[in-house]
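Architecture at a glance
One-letter residues, chain by chain:
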Amino acid sequence: MSETASKTNPGNFFEDFTVGQVIEHATPRTVTEGDRALYGALYPTRFAVPSSAAFAASVGLDPHPVEELIAFHIAFGKTVPDISLNAVANLGYAELRFHRPVLPGDTLSTKSEVIGLKQNSNGKSGVVYVRSTATDQHGEVALDWCRWVMVHKRSTDAPAPETVLPDLKKALEPGDLVVPDGLDFSSYDFVAAGEPHRYDDYAVGERIDHVDGVTLSDAEHMMATRLWQNTAKVHFNTEARPDGSRLVYGGHVISMARALSFNGLANAQLISAINGGSHTAPAFAGDTVYAWSEVLDKAEISDSVGALRLRLVATKGRDESMTLEGDDGKYAAGVLLDLDYWALVPR
């Protein structure tokens, strides 16, 4: 048999990345009403805007958009075969902005630019920083974001690249937020939305225990990653990790925590931006996820729309004390996610 070149994709390893490299990711993905239905089956989401076409139209959003995190998961999934197929773990996010509501029928394509590299001291892996942009079928930007991921090296003998760390904003300013065209909360139906709380009812420093919990299952988190076409080996293949466990996709924990936050933040209808996020500990099937939020900042956007800057914390097991850090200054035991985002609420 003659020897032929491999046609399969082994994924990029740390030494395959260079600062300034631009990667056009394959497989554009069209958003459908099926995505909305499956999202609701996977997560206990009840926010009125993505749940009700009539409610969305009443606040100026017609046609009916899907949840912002659906667009994020789809766009993120496009990047995985090129960026994080050989990942140890996805570490964090920054500067994520939703530029326009995403509708069923929109087709999202994603490209990424490598903006930073840092080899780890063990010489076995390194951290890759990328800025990714998802555009629709008209070439309009739907969302963009930065993330950093720890990736295996192909060979420990490969020389370390020059360390380049990107200068990322700690938080987006209110003026950076994109408010969807036509959004108007002046006739907002608080009864239909499920809670009476509006912008002025929240105070900076306030913490909200969202009370409810959901136990993760292998079937659901693997269905989610397949839905978003996320091909990272650690989510499916028990041979990809030394402990033989499937790692739950971090975005699955984000969506679960966001859905749980409805209880106490039902009127935080639209995610406008994600300032930063860290997956502080791994999650596995059998873990029960709870969530709490802290109000970090507030901003008046228009006569009817306000913005709350929220810290959303997901925990393994309920923490009624809502403790973020331990005595050592590190994340407290049980914290799975620390997410900082801006949400639009009625004034």
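Scroll up to find the structure.
Residues numbered from 1 in each chain as written. Predicted model: local features only at pLDDT ≥ 70, side-chain atom pairs only at ≥ 80, totals over all residues. Heavy atoms only, no water.

**Observations concerning the overall build of the chain**
Note the cut-off: Runs of H or I in DSSP of at least four residues are treated as helices and runs of E of at least two as strands, each being numbered from the N terminus. Atoms counted for the radius of gyration: C-alpha only. Globule rule: 2.2 Å times the number of residues to the power 0.38. Note on definitions: a residue-residue contact is assigned when non-hydrogen atoms from the two residues lie within 4.5 Å. Here, Shrake-Rupley sampling with a 1.4 Å probe gives the accessible areas, and only protein chains in the shown set may cover a residue. None of His or the chain ends enter the tally, which takes Lys and Arg as positive and Asp and Glu as negative. One atom stands in for each charge, and that atom is NZ of Lys, CZ of Arg, CG of Asp or CD of Glu.
If you tally the helices and strands in the chain, you get eight helices and twelve strands. Its C-alpha atoms give the chain a radius of gyration of 20 Å, within 12% of the compact-globule value 20 Å for 347 residues. Taking all contacts inside the chain whose residues are at least 6 apart in sequence as the whole, residues at least 24 apart take part in 79%. Taken as a whole, the chain presents about 14900 Å² of accessible surface, with 49% of it coming from carbon and sulfur. Computing the positive centroid from 30 side-chain charges and the negative centroid from 46, the chain places the two 5 Å apart.

**Description of unusual backbone geometry**
Our working rule: Only protein chains enter the area calculation, which uses a 1.4 Å probe; residues under 20% of their type maximum are buried, those over 50% are exposed, and those in between are partly exposed.
Note that the residue after D62, namely P63, is joined by a cis bond; omega there is 15°. Within the secondary structure, P63 is located in the loop between α3 (53-58) and α4 (68-83). A positive phi angle, close to 55°, is found at Q229, a residue other than glycine. With respect to the helices and strands, Q229 occurs in the loop between α6 (218-227) and α7 (250-260). Its relative accessible area of 32% is what places Q229 among the partly exposed residues. One non-glycine residue with positive phi stands out, namely M322, at about 50°. With respect to the element layout, M322 can be found in the loop between β11 (305-316) and β12 (335-346).

**A few points about the nonpolar core**
What counts is decided by this rule: Here, nonpolar core refers to any group of buried Ala, Val, Leu, Ile, Met, Phe, Trp, Tyr and Cys residues whose side-chain atoms link them within 4.5 Å.
Ranked by internal contacts, the top residues of the largest apolar core, which has 59 residues, are Y43, F72, L143, W145, W228, L265 and Y341. At eight residues, the largest contribution of residues to this core is made by α4. When sequence neighbours within four positions are dropped, the list of residues in contact with L265 reads F47, E195, Y202, I208, H210, S293, L308, L310 and Y341. Counting residues in each nonpolar core, the second largest holds 20 residues, with V59, L172, A193 and A299 among its members.

**Considerations on empty space enclosed by the protein**
Selection criterion: Lining residues are those with an atom within 4 Å of a point, where the points come from a 1 Å grid over the protein atoms alone and group into cavities, where a 1.4 Å probe fits but cannot get out, or pockets, open sets with protein on both sides within 12 Å along at least five of seven lines. Grid points are joined across faces, edges and corners, and a volume is the space filled by probe spheres set on the points.
If you walk through the whole model with that rule in mind, you get two cavities of 30 Å³ or more. The computed volume of the largest cavity comes to approximately 210 Å³. E68, F98, P101, L270 and I271 are the residues nearest the centre of the largest cavity, which is lined by 23 residues in total. For the lining of the largest cavity, the secondary structure elements donating two or more residues are α2 (48-51), α4 and β9 (270-279).

**Remarks on the side chain of D340**
Note the cut-off: Whenever two N or O atoms come within 3.5 Å, that pair is a polar contact, provided that in protein one can donate a hydrogen and the other can accept it, and provided that, for residues adjacent in sequence, both atoms are side-chain atoms.
Structurally, the position occupied by D340 is in strand β12. Within polar-contact distance, the side chain of D340 engages the side chain of N275 at 2.7 Å. Not counting residues up to four positions away in its chain, the partners in contact with D340 are I274, N275, G276, L296, R309, L310 and R311.

**What to know about α4**
For clarity, the threshold we go by: One fewer than the residue count of a helix, multiplied by 1.5 Å, yields its expected span.
In this model α4 runs 22 Å from its N-terminal to its C-terminal C-alpha over 16 residues, within 8% of the 22 Å that 1.5 Å per residue would give. Taking burial as the measure, the 16 residues of α4 include 15 buried ones, the bulk of the element.

By themselves, these observations are geometric and do not establish any function.
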